[in-house]
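Structural description and commentary
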Amino acid sequence: MPYGNVITQLKTNLQTAYRQAVDADAKLDQLQQAGHGKFSKIFSDEQGFTTSSTRFLPYVKELAEAVTQLEQQADKALLESVVKRLALLLSTLVQFKEQSRN
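Here the structure is a predicted model, which means the values were calculated and not measured.

**Observations regarding the packing of helix H1 (residues 4–33) against helix H3 (residues 76–101)**
With their axes 9 Å apart at the nearest point, H1 and H3 run at an angle of 35° to one another. The crossing of H1 and H3 is left-handed. Contact residues: Val6, Leu10, Asn13, Leu14, Thr16, Ala17, Gln20, Ala21, Ala24, Lys27, Leu28 and Leu31 in H1; Leu79, Val82, Val83, Leu86, Leu89, Leu90, Leu93, Phe96 and Ser100 in H3. Residue composition of the contact of H1 with H3, grouped by class: 16 nonpolar, 4 polar and 1 charged.

This is the structure in structure tokens:
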């Protein structure tokens, strides 16, 4: 495994993202039931995700699949993409949590 320590850290961050995504998706469900949250997807096409969803968990799944791919074959471009998208996902989850408290 050429990126052993990096893969381990990515998996740890994915676990954090998963837990936060579960909470955020539950909050999004509440907002939608209250008639809010009318949007077509969380991230734009330019942000690197192939997933198009109104919930966070599908984006976590996409990144988990990319990390599995990295475990099988070292790919610097994929690694850079995963790190960038994971950072974006985590920062968006933090922002959503902060804004949904208000």
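Moving on from the coordinates now.
**Quick word on the environment of isoleucine 42**
With respect to the secondary-structure elements, isoleucine 42 resides in the loop between H1 and helix H2 (57–72). Residues isoleucine 42 and serine 53, spaced 11 residues apart in sequence, show a C-alpha to C-alpha distance of 6.3 Å. Discounting chain neighbours no more than four positions away, the residues touching isoleucine 42 are Leu28, Ser53, Thr54, Arg55, Phe56, Tyr59 and Thr92.

**Here's the deal with the side chain of arginine 85**
Assignment of secondary structure puts arginine 85 in helix H3. The buried category is assigned to arginine 85, whose relative accessible area is 6%. When residues no more than four places from it in sequence are discounted, the contact partners of arginine 85 are Gln47, Gly48, Phe49, Glu62, Leu63, Ala66 and Leu78.

**Things to note about the packing of aromatic side chains**
On inspection of all chains with the given rule, the structure shows 4 aromatic pairs. Centre to centre, the rings of phenylalanine 56 and phenylalanine 96 are 5.9 Å apart; their planes meet at 55°, and the pair counts as tilted. You can see phenylalanine 56 sitting in the loop between H1 and H2 and its partner phenylalanine 96 sitting in helix H3, a full 40 residues away along the chain. You'll find phenylalanine 56 and phenylalanine 96 in the same group, each marked buried. Linked through ring pairs, Phe43, Phe49 and Tyr59 together constitute an aromatic cluster. Note that arginine 85 overlies the ring of phenylalanine 49, its terminal NZ or CZ placed 5.8 Å from the centroid.

**Digging into H2**
With 16 residues, H2 ought to run about 22 Å at 1.5 Å a step, and its terminal C-alpha atoms sit 23 Å apart, in line with that. Looking at H2, one finds that the buried residues are Tyr59, Val60, Glu62, Leu63, Ala66, Val67 and Leu70. End-on view of H2: buried residues confined to an arc of 160°, all on one side of the axis. Within H2, the exposed residues directed more than 90 degrees away from the buried face are Lys61 and Gln72.

**Details of the pattern of salt bridges**
A side chain with one charge can pair with a side chain of the opposite charge if their charged atoms come near. Per the counting criterion, the structure on display carries 4 salt bridges. For the salt bridge of aspartate 45 with lysine 41, the shortest nitrogen-to-oxygen distance reads 2.6 Å. Assessed through its relative accessible area of 56%, aspartate 45 is described here as exposed. Residue lysine 41 is classed as partly exposed on the basis of its relative accessible area, which comes to 26%.

Parameters and conventions
Residues numbered from 1 in each chain as written. Predicted model: local features only at pLDDT ≥ 70, side-chain atom pairs only at ≥ 80, totals over all residues. Heavy atoms only, no water. Axes fitted to C-alpha atoms, helices over the stretch in contact; angles between N-to-C directions. Helix = DSSP H or I, 4+ residues; strand = E, 2+ residues; numbered from the N terminus. Left-handed = near helix turned anticlockwise from the far one by under 90°. Contact = heavy atoms within 4.5 Å. Nonpolar A, V, L, I, M, F, W, Y, C, P; charged D, E, K, R; others polar. Buried < 20%, exposed > 50% of the residue type's maximum accessible area, 1.4 Å probe, protein only. Phe/Tyr/Trp six-rings, centres within 6.5 Å; stacked < 30°, edge-to-face > 60°. Lys NZ or Arg CZ within 6 Å of the ring centre and 35° of its normal. Expected span 1.5 Å × (residues − 1). Arc of directions from axis to C-beta. Salt bridge = Lys/Arg side-chain N within 4 Å of Asp/Glu carboxyl O.

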